[in-house]
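Architecture and fold: a report
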2 protein chains.
Amino acid sequence: MAAKKAKKTTKPAKAKKAAKAVKYVYSFGGGKADGRADMKNLLGGKGANLAEMGKIGLPVPPGFTLTTEVCTAYYANNRKYPAEVKPQVEAAMVKVEKVMGLAFGSPDKPLLVSVRSGARQSMPGMMETVLNVGLTTKTIPGLVAMTGGNERFVWDAYRRLIMMYSDVVMEKAAGVEPAEGMGIRMQLEHLMELKKEQRGITQDTQMSVEDLKDLCAQFRAKVKQVLGKEFPDDATEQLWGGIGAVFQSWMGRRAVAYRRIEGIPQEWGTATNVQAMVFGNMGDDSATGVAFTRNPATGDRNFYGEWLVNAQGEDVVAGIRTPSPLNKANKTEHTRDLLSLEEAMPATYRQLVQVRNQLEKHYRDMQDIEFTIQQGKLYMLQTRTGKRTGLAAVHVAVDMVKEKLIDSKTALLRVSSAQLDELLHPSLDPAAEQKVSALTKGLPAGPGGATGQIVLTADKAEQLGKTGQKVILVRNETSPEDVHGMYAAAGILTAKGGMTSHAALVARGWGKCCIVGCGALKINTAAGTVTAGGKTLKEGDWISLNGSRGLVYEGQLALKAADPDSDPAYKQLMKWADATRRLGVWANADTPEDARRALGFGAEGIGLLRTEHMFYGKGAEEPLFRLRKMIHSDSVDERRKALDELFPYVKSDMKGVLESMNGKPVTIRLLDPPLHEFVPQGAEERQKLATSLGISLDDLAKRAEGLHETNPMMGHRGVRLGITYPEVSEMQIRAILEAAAELLKAGKKPMPEIMIPVTCDVNELKNQEAIVNRVAAEVKAKYGAKKLPFHFGTMIEIPRAALLADEMAESAQFFSFGTNDLTQMSYGFSRDDIGGFVPDYIAGKILPGDPFQSLDQKGVGQLMKMSVTAGRKTRPDLKVGICGEHGGDPRSVAFCHRIGLNYVSCSPFRVPVARLAAAQAVVGKLPEEK
Amino acid sequence: MAAKKAKKTTKPAKAKKAAKAVKYVYSFGGGKADGRADMKNLLGGKGANLAEMGKIGLPVPPGFTLTTEVCTAYYANNRKYPAEVKPQVEAAMVKVEKVMGLAFGSPDKPLLVSVRSGARQSMPGMMETVLNVGLTTKTIPGLVAMTGGNERFVWDAYRRLIMMYSDVVMEKAAGVEPAEGMGIRMQLEHLMELKKEQRGITQDTQMSVEDLKDLCAQFRAKVKQVLGKEFPDDATEQLWGGIGAVFQSWMGRRAVAYRRIEGIPQEWGTATNVQAMVFGNMGDDSATGVAFTRNPATGDRNFYGEWLVNAQGEDVVAGIRTPSPLNKANKTEHTRDLLSLEEAMPATYRQLVQVRNQLEKHYRDMQDIEFTIQQGKLYMLQTRTGKRTGLAAVHVAVDMVKEKLIDSKTALLRVSSAQLDELLHPSLDPAAEQKVSALTKGLPAGPGGATGQIVLTADKAEQLGKTGQKVILVRNETSPEDVHGMYAAAGILTAKGGMTSHAALVARGWGKCCIVGCGALKINTAAGTVTAGGKTLKEGDWISLNGSRGLVYEGQLALKAADPDSDPAYKQLMKWADATRRLGVWANADTPEDARRALGFGAEGIGLLRTEHMFYGKGAEEPLFRLRKMIHSDSVDERRKALDELFPYVKSDMKGVLESMNGKPVTIRLLDPPLHEFVPQGAEERQKLATSLGISLDDLAKRAEGLHETNPMMGHRGVRLGITYPEVSEMQIRAILEAAAELLKAGKKPMPEIMIPVTCDVNELKNQEAIVNRVAAEVKAKYGAKKLPFHFGTMIEIPRAALLADEMAESAQFFSFGTNDLTQMSYGFSRDDIGGFVPDYIAGKILPGDPFQSLDQKGVGQLMKMSVTAGRKTRPDLKVGICGEHGGDPRSVAFCHRIGLNYVSCSPFRVPVARLAAAQAVVGKLPEEK
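Residues numbered from 1 in each chain as written. Chains lettered and ligands numbered in written order. Predicted model: local features only at pLDDT ≥ 70, side-chain atom pairs only at ≥ 80, totals over all residues. Heavy atoms only, no water.

1. Points about the interface of chain B and chain A
Taken together, the contacts link 45 residues of chain B with 45 residues of chain A. Both sides together, the interface formed by chain B and chain A hides about 4,000 Å², and carbon and sulfur atoms give 59% of it. Among the residues of chain B in contact with chain A, Met-714, Arg-800 and Ile-846 of chain B are the three that bury the most area, contributing 16% of the side total. The interface formed by chain B and chain A contains four salt bridges. Ionic pairing is found between Glu-807 of chain A and Lys-858 of chain B, a salt bridge with its closest N-O pair at 2.8 Å. Summed over the shared surface of chain B and chain A, the result is 29 residue pairs in polar contact (both at pLDDT 80 or more). Elements with a contribution of two residues or more to the side of chain B that touches chain A: α27 (719-724), α29 (762-783), α30 (799-803), α32 (819-827), α33 (838-843) and α34 (860-874) of chain B. (Contact = heavy atoms within 4.5 Å. Buried area = accessible area lost by both parts, 1.4 Å probe. Salt bridge = Lys/Arg side-chain N within 4 Å of Asp/Glu carboxyl O. Polar contact = N/O pair within 3.5 Å; in protein donor to acceptor, adjacent residues only side chain to side chain. Helix = DSSP H or I, 4+ residues; strand = E, 2+ residues; numbered from the N terminus.)

Written out as structure tokens, the structure reads:
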């Protein structure tokens, strides 16, 4: 179709319908635009920003966007377009033709266009693009004429069109199975290789015009032969083919998989952008480049980018030619000899700098731009918010406040939790990481990077760790018995388990690099080997982990240490966060060392000290042994004896933590897990225990068997132990209160908060409260203390406790939501067993995600909200916090803010993240992931 | 104190305080009374009814009651009485003296009194009584004179006073440790034995006045020697000693233990009754007796009781002398030669009959009375509602409606669930049971009685059962693999497990006699022996079980069959119940046989058909084998093959049940339990399965291990199986719908309701609904059916489903509360593991009872209420039922009525109980246990 003809036939029809018709096509270019930057949902990110750039007068090649509603309607309507689409496209094309002074399909002044996808959220490389659309045997001569007889350029463009179009439109979008297992594109590339071979050349650029013409003829014949169809020689047919291919690619296998991983809803659809082609490959006065308005790695204010002379955009991205730095400031050791755009085309560069300044002022954020220079003229092809590292995010945000581009509240929203988290852990040096490819991938369970020698047992990890060797503990999965080795290791890698497996929980708690669920890993402990990605490594071989991304590398990669406090920008941002947030941020910490780390990260209290964790790792063999003795006791007397032995250890640990947190609350949860968790597995340990108890191994086994439960998570644990064995509660309470009394005497300010776990009824609390009050009186008498300040409260982690929160608050002075268990019970999901079905649930969209990672606000959150309201009705000054894993999850933190919690408590390394998230919750919306 | 003196000193004081003072003492007698029958909480049962009898003019010896508030105040006030008590007692005593024409402590006309406990709820034998209070060396001569010189009677009364008082008041209530391990009472009895030995006599009655006088002197010396105190020789001191002893006994070890078992709150306290003594042992014109106004075993209208001439009440109860029948109609084979009261004292008997008639008219219920005849004069000592058997309860209630004593609504409240239940099961003949003592006791898990030979394995039970032998299966505990043996056995006895253990659940479902948790039982399977109560029985020995009371007997006791429908009174009562109730009553049934039984018991539908139960027992080896094959499949293909093999069995069973219930709804729950439950344990079965799957035993073990879960109750089960293995759901759905289609074709009216278990999110339902709709369309096409009526719904058994009921109702047409799981998840109590702590919880009053037995209305009930409201908001015609074990628990049924459920579903044998309970809920209050 020629544009003029189209005008005549379609315009009246369109005009008639216009009043009622849905607007499916939005034009831009020539200093005007139908759309705006905030219309991303309708126009996609690319389309909306092209429109915005057009509106503010930037040099954008004209074009138009078919909205995401076209995509939705297309799929809703059995892959057919709404009737309005065709006339609207034709009318929009006329506008493009007018701006460009060209006509689509015209033999004289042919307009070529690109057809590109553009979804709401960037899905890089997941969908299709077709360039040079409109080039046909009819339009080739006109283009040759327009380029001053540059036949080589035109035939090369035609070759590219055939290759791209036959692949994307005629094969993939049409759903044609590749012949002989080889796609059309590879077959065409093969022809091109043959041609170069025949001609004795190696570079594409060495091909002559005749070579290219011959190759195009071969290509068209091959397309016909393989795909059974002529390559379309009509511009309009090419256009609709291209548009169709983009919409088809929304449901392509890669795109569907990507959306599943990224959590992008299928209903969003993609927009399609049709835009006049401009060419950076029209000679040495042409160029193409990509740039960030600031340095995306550091956040520095310098204009940062790369360019290639006489090239198309794809060439920069594809990495076939090494691009040059954009300006002198950008040059590095490796690129200092390359000519920058600043030097090569100073005037155009100055124009680009102006565009950069205008964009930053307009968008008030760092932009990622693409540009093309065609015969000296600058065209802007894309702008979008630039992805950046955590460091850059913090710096750009803080700098922009100084530059008065944004206010501090906006700055808080400019840094995502993941970005902040990057700053808190040592990480693999990105430069080192870029040079090698990963051996395999698992779930990013513990942040940062680590490098070390493979060890396969916890004991070996500890042994080598003590000598200062860096080791990575590699296991199928870990158990509490491995904790000493996990602690000694620089990083942990497991073949099984999810984001809330034992390894993941422990590692996150310590801020230790950890990758779990690395299914491709085959561990042969007997042979001392680990196989992955086709390679077999031995114990002692070096590997490196990127725990933030779940990547496992062979060899010893360089590390970059984290020291956020040395960065004034980080400190400034956190200052703003602290000034803004209403939620307190406490930490989960089990040892004095943890407590000090938590304070360093800005924790205002300890929200969860797990008594039993005192018995893991770090020279805790003696207390662990005595704990086991207590657990395997068969009578109150035996138990009391073991408890007496245990007492000094517990008291000393309590004292250490209370002293570290001097003047800040320390919430101590009494013994929580099912006792059988502490049954020793090793033969040596069993023998030692039996000997100490004066019983046979058989008797020990019987006692251990007595601890077995069918569903231990809902068994004899938490307060249930404290009620059946009040002496166990009493020992812990006495240890806490004596520690506090001694500190008080020494002029310190201990603030213990005694927390009862796994409660379901206020009578459980009253029972334990009576012990607390009795012991407190005894301790006061013993130390001659007039008062002994402490609080008494409960976990809310059992649905019934949440439902009866009004009663629970009669005894409890504070609540702390244990959302791990509350999630388990509310869903009836055993965290240890969800591997069998939750992946299918998420894949099948039955659940939006793993509820153990981000709080289920509808269900579990409803219980929490009810509890807060009911609890405060009974006790208006009830303090309410959360100490489950969700306490460090930004979305969950925002929810906790909304329902009026007093504080969140999370692992020390997550404290800064929680502080930021708590501030973001006040400002009112979550940052988009950048 | 002499009465006259008391009058002078205390009356003015009392009058002054009267306006403000609490009334602690209530008088009765002389045709008047301060109290009434409905003041049981304040006066105790005995005191309230004495007052009531006094008020309506019956011949009650005068007296007064110290209220339960005295008891409460006594304990609240460090075991001291409120100041008002003493003057009020003194004033009340004056009234008694006036009526009797005697004076307490007077040498001339001494008044003797009894001091007895009387709690709100009868606690037989748990608290203390002191008789003959007021007999001292000063008053003995006066009493001798009053009895016409009956010295023997008076000195015998004095001997009894010393024995009783020194024991109850001076030793027990005073908390004196028995000397040399022997209580004072036994020491005094020893003295009496010595005396009789010296005198060469054997009977107490052979002792002379001198013997008694000497004995009393010895007694007083012994008391002084052993207890270090003189026996009090002052009437007032005796009185306060007696009152104190009664109040003390409220906290006695026996009483505390009894209250714990019966669930009587400690705060209730006991009242104390002080009443003028009358003597049935004043000669042959004196007598004492107990009677029921109707026959308490059968409910027949005849006046039923026993009496003893010249005896005190205690003699009847103690069983030293054989009492005579009250009247000629009462005489039995064994008592036909004894003289009835009707014959011996016809006038007094007629007077007693009049009293009986008056009491029944007044109380409008069957009464249990005590009376004494002193020298020809009738005195009423007690009346209370008579305890009765289930049969009697039904008959008395129905008869009294006929007699216009009560209306039918009241009749419904006169029969408790436990009583109705007695009528529904064969039971041990109470006569046979009375003759032997129980070997041991366990929990009454399955109702009725059974007798059979001991077998220790399920296979043997089945084998002998088939030959018609009656066997009792005795196991430590049972598992689904024992079900065939359990089915074959006449009764089941286990050493472990609680009221909701596997054995208990299965047995109750079948209405089979079962005793569980019989801890004293030692089973030695190798030796084939069972030891209990010091006896060792062998396999093949006969035992008998009383499943309603948990008693185990050695030997073959006689049984009484149940056939309630042959009893018009039962039918009448149930007719009233059905006319009154609003709740539907459905049954849980898994087979056509169950369904027919349920219909027989009046079920209006099936609320729970557990697909997997089809595979248990009763020639279900083939389908069970195929189910196992399906479960151990390793691929969709393997699974589909096994499912195809399973399909005809499932369909045929479904058809059977749907046909049995023609025209009534059948709610079919798709596969629910964790799959590992079906892993075969026996070597033979494992081999068969491995062979059939064509894999090695090792591979089979691996597959089975893959099914292992840490917390199976919260693991891969219910709808989670249906989502990960949609073909499993599909097979079941197809079986149901094809069965329905075939019945429809045959002119039947199948009403299947497809129910999805273990849901937590509406998306799970939508997923399964899609399968249902697809299969329904296919089945319609296959059978050429125009419509295929069925409903689609869900269990609400996971807290989150309850919380999001509004969403669940978008897909579900009905809800059925699975309160077993809902209780597990709400409390975080694994039913299999609560044995470790729930007994301590109940003993320590942390929980009022086992929440798996009676619904926790506060917590779990709150979730249910929320669900009903939210679900009906989305779908106003949402049908809501309950199918957990609670559906047959009367208190839970009443709750279900109150929150507006449409129906309850319970095991067939509980259906009549649920019908009655549903009617009682409408009438408005639960019957008191009788």
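2. Quick word on the state of the cysteines
Within the structure shown, the criterion is met by zero disulfides over all chains. Here Cys-883 of chain A is not cross-linked by a disulfide; its sulfur's nearest cysteine counterpart is in Cys-896 of chain A, at 11 Å. Look at Cys-883 of chain A and you get buried, because its relative accessible area is 4%. In this model Cys-760 of chain B remains outside any disulfide bridge; the closest cysteine sulfur is found in Cys-883 of chain B, 17 Å from its own. (Disulfide = S-S within 2.5 Å. Buried < 20%, exposed > 50% of the residue type's maximum accessible area, 1.4 Å probe, protein only.)

3. Side note on the packing of aromatic side chains
Taken as a whole and assessed by the stated rule, the structure comprises 32 aromatic pairs over all chains. Considering the side-chain rings of Tyr-165 of chain B and Phe-231 of chain B, the 5.6 Å spacing of their centres and the 80° angle between planes classify their relative orientation as edge-to-face. In this pair, Tyr-165 of chain B sits in helix α6 (residues 151-173) while Phe-231 of chain B sits in the loop between α8 (209-227) and α9 (235-249), placing the two residues 66 residues apart along the sequence. Considered together, Tyr-165 of chain B and Phe-231 of chain B belong to a single accessibility category, that of buried residues. Site record: aromatic cluster; members linked through ring pairs are Tyr-74, Tyr-75, Tyr-81, Trp-240 and Phe-247 of chain A. (Phe/Tyr/Trp six-rings, centres within 6.5 Å; stacked < 30°, edge-to-face > 60°.)

4. Section: the relation of the copies chain B and chain A
With an RMSD of 0.3 Å, the fit of chain B onto chain A corresponds to turning through 179° and sliding 0.2 Å along the axis. Those values place the two copies in the arrangement expected of a two-fold rotation axis. Closest approach to the rotation axis within chain B is made by the C-alpha atom of Asn-711 of chain B, at a distance of 2.1 Å. Most of the interface of chain B is mirrored in chain A: 100% of its interface residues are interface residues there too. (Least-squares fit on C-alpha atoms with pLDDT ≥ 70 in both.)

5. Examining the pattern of salt bridges
All names here are of chain A. Enumeration according to the criterion identifies 114 salt bridges over all chains in this entry. Glu-645 is the partner of Lys-629 in a salt bridge, and the nearest nitrogen-oxygen pair spans 3.2 Å. One end of the pair, Lys-629, is in helix α23 (residues 621-631); the other, Glu-645, is in helix α24 (residues 636-660), with 16 residues separating them in the sequence. Look at Glu-645 and you get partly exposed, because its relative accessible area is 22%.

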